[in-house]
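Each chain, written out:
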Amino acid sequence: MINFPPELITYLKKATRVVVLTGAGVSQESGLSTFRDAQSGLWAQYRPEDLATPRAFARDPKLVWDWYAHRRESAKGASPNLGHYALVEMENRISEFTLITQNVDGLHRIAGSKNILELHGNILNVRCSECGMFADNWEDDLESVPRCEKCNALLRPDVVWFEESLPREQLDAAVSATRACQIFFSIGTSGVVQPAAALAHAAKAEGAVVVEVNAEPTPLTARADFAFHGKSGEILPELVKAVWG
Ligand code: APR
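Just so we're clear, the structure is a prediction, and the values are computed from it rather than from any experiment. Every residue gets a number counted from 1 within its own chain, in the order that chain's sequence is written. Totals for whole chains, interfaces and linings use every residue, but because this is a predicted model, local features are given only for residues with pLDDT of at least 70 and side-chain atom pairs only at 80 or more, for both listing and counting. Excluding hydrogens and water, the side-chain figures rest on all heavy atoms present in the structure.

Caption draft 1: Focus on the overall build of the protein chain. Runs of H or I in DSSP of at least four residues are treated as helices and runs of E of at least two as strands, each being numbered from the N terminus. Secondary structure assignment for the protein chain yields 10 helices and eight strands. Our radius of gyration is a C-alpha quantity, and the globule rule it is checked against amounts to 2.2 Å times the number of residues to the power 0.38. For a compact globule of 245 residues, the expected C-alpha radius of gyration is about 18 Å, and the protein chain comes in at 19 Å, within 12% of that figure. For the protein chain, the spread of C-alpha atoms along the principal axes amounts to about 60 × 35 × 30 Å. Buried residues in the protein chain amount to 49% of all 245 residues. For the protein chain, the proportion of contacts with a sequence separation of at least 24, taken over those separated by at least 6, is 66%. Exposure was quantified through the Shrake-Rupley algorithm and a 1.4 Å probe, taking into account, for residues, occlusion by the shown protein chains and nothing else. Summed over all atoms, the accessible surface of the protein chain reaches about 11900 Å², with 50% contributed by carbon and sulfur. The distance from the centre of the 24 positive side-chain charges to the centre of the 31 negative ones in the protein chain is 5 Å. Think of it in three bands: residues with accessible area under 20% of the maximum for their type are buried, residues over 50% are exposed, and the middle band is partly exposed, with areas taken using a 1.4 Å probe on protein chains only. We call two residues in contact whenever any of their non-hydrogen atoms come within 4.5 Å of each other. For the purpose of charge, His is not counted, nor are the chain termini; Lys and Arg are scored as positive and Asp and Glu as negative. Charge coordinates come from a single atom per side chain, which is NZ of Lys, CZ of Arg, CG of Asp or CD of Glu.

In structure tokens:
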């Protein structure tokens, strides 16, 4: 049983504008790998520059396509965990609640979260690498990467690769919600990938209370008003219970 500081409980009871930023750690208890965990993290097994950049796709589109197809199957096979559901609970009790996620697995939406900003795209979606048209269906086990029905260019996963910019609308909405929030949660993210990692610091600069929930300390820990180190699927349900019973 976690003893949450009474001030945090009071802040949450009174708050009307809350922003939550999530990362791969929130989906770890759903069986999905994070990126930077020492052994199990994807980037411990693969080099991001081989798989998650436009140059990697240009160099070997089939390698990149198959890797994302494999991750897409994992995401489809995963279910939300108690951490995802606790965030749905929070959204139901706070009038202006914004969930900003770096995750491409779509689990927040499946859990029932509504006001979601997917900063890094969604692996369940596929679009044309040239004209941008989304594909409703495609074949995964072809010899080569499937092509766009409209312009015949290669299809690609609708995720943001390194060296690519984030979707403008989502980023602008994330920045304005962050600037206006009273409480900013950073959950299950190592806080090293920009621009998402800058949001918590922007919230702090605007006077928001910053809360970190992560399995281990991060560069944000020293600046957070409250930091809880452990599993989000265990900590978040307890926090919701402590605040709203
Ligand atoms: N509960 C809470 N935190 C957890 C859990 C858990 N069950 N399991 C792991 N963590 C923490 C890890 O300690 C780590 O600090 O989650 C964090 C995950 O960090 P990363 O693997 O770096 O993932 P993330 O921060 O989401 O990465 C950001 O980088 O690779 C790119 O585009 C990719 O969106 C991703 C971005």
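Caption draft 2: Inspection of the pattern of salt bridges at higher detail. Should a side-chain nitrogen of Lys or Arg be within 4 Å of a carboxyl oxygen of Asp or Glu, the pair is scored as a salt bridge. This structure, assessed with the given rule, holds 10 salt bridges. Its salt-bridge partner being R55, residue E163 comes within 2.9 Å of it at the nearest N-O pair. Placement of E163 in the loop between strand 5 (155-159) and helix 8 (168-180) and of R55 in helix 4 (residues 54-59) is noted, with a sequence separation of 108 residues between them. One exposure class covers both E163 and R55, and it is exposed. A salt bridge links D225 to K204; its shortest N-O distance comes to 2.9 Å. Here the residue D225 occupies a position in the loop between strand 7 (209-214) and strand 8 (226-229), and K204 occupies one in helix 9 (residues 199-205), the gap between them amounting to 21 residues. Take D225: its relative accessible area is 37%, and that puts it in the partly exposed class. We classify K204 as partly exposed; its relative accessible area is 26%.

Caption draft 3: Spotlight on empty space enclosed by the protein. Throughout, the protein atoms alone are placed on a 1 Å grid, and a set of points is a cavity if a 1.4 Å probe fits but cannot get out or a pocket if it is open with protein on both sides within 12 Å along at least five of seven lines; lining residues have an atom within 4 Å of a point. Grid points are joined across faces, edges and corners, and a volume is the space filled by probe spheres set on the points. Enumeration according to the criterion identifies two cavities of 30 Å³ or more in this entry. Empty space within the largest cavity amounts to approximately 70 Å³. Lining the largest cavity, in full, are L21, S186, T189, S190, G191, A196, A197, A200, H201, T218, P219 and L220. Taken together, the residues of the lining of the largest cavity break down into six nonpolar, six polar and no charged. Along its surface, the second largest cavity is lined by T101, N103, D105, G106, L107, H108, R109, I116 and E118. Think of it as three bins: nonpolar holds Ala, Val, Leu, Ile, Met, Phe, Trp, Tyr, Cys and Pro, charged holds Asp, Glu, Lys and Arg, and polar takes everything else, Gly as well.

Caption draft 4: Local environment of the packing of aromatic side chains. Centres within 6.5 Å make a pair out of two Phe, Tyr or Trp rings, where for Trp the six-membered ring is used; the pair is then stacked when the planes are under 30 degrees apart, edge-to-face when over 60, and tilted otherwise. On inspection of all chains with the given rule, the structure shows five aromatic pairs. With centroids separated by 5.3 Å and ring planes inclined at 70°, the aromatic side chains of F4 and F228 adopt a geometry described as edge-to-face. With F4 in the segment before helix 1 (6-14) and F228 in strand 8, this residue pair connects regions lying 224 residues apart in the sequence. Residue F4 shares its accessibility class with F228, and that shared class is buried.

Caption draft 5: Focus on the site of the ligand. If even one non-hydrogen atom of a residue comes within 4 Å of a molecule or strand, that residue is called near it. Not every one of the 23 residues close to the ligand is listed here, only the nearest: F35, R36, T189, S190 and E216. Definition of a polar contact: a pair of N or O atoms within 3.5 Å, with one able to donate and the other able to accept a hydrogen when the atoms are protein atoms, and with sequence-neighbouring residues admitted only if both atoms are side-chain atoms. T189 places a side-chain nitrogen or oxygen 2.6 Å from an oxygen atom of the ligand. A distance of 2.9 Å is found between a nitrogen atom of the ligand and a backbone nitrogen or oxygen belonging to S232. For the ligand, the protein covers 95% of the area, taking 730 Å² as the surface of the free molecule.

Caption draft 6: Quick peek at the sheet that holds strand 1 (residues 17-22). When DSSP finds two or more bridges between a pair of strands, those strands are recorded as paired. A sheet is described by the order of its strands in space; here six strands give the open sequence 3-2-1-6-7-8, paired in parallel fashion. In this open sheet, the two edge strands, each paired with only one partner strand, are strand 3 (116-118) and strand 8. For this sheet, the mean inter-axis angle between neighbouring strands, taken without regard to orientation, is 15°. For every element, the axis is a line fit to its C-alpha atoms; helices are fit only across the contacting stretch, and the angle between N-to-C directions ranges from 0 to 180 degrees. Along the sheet, helix 1 makes contact with strand 6 (183-187), strand 7 and strand 8, crossing strand 8 at roughly 105°.

Caption draft 7: Just the side chain of T22, in detail. Mapped onto the elements of the fold, T22 is located in strand 1. A distance of 2.7 Å separates the side chain of T22 from the side chain of T101, its partner in a polar contact. Here T22 is in contact with L87, L99, I100, T101, Q102, N103, H108 and I187, once residues within four sequence places are set aside.

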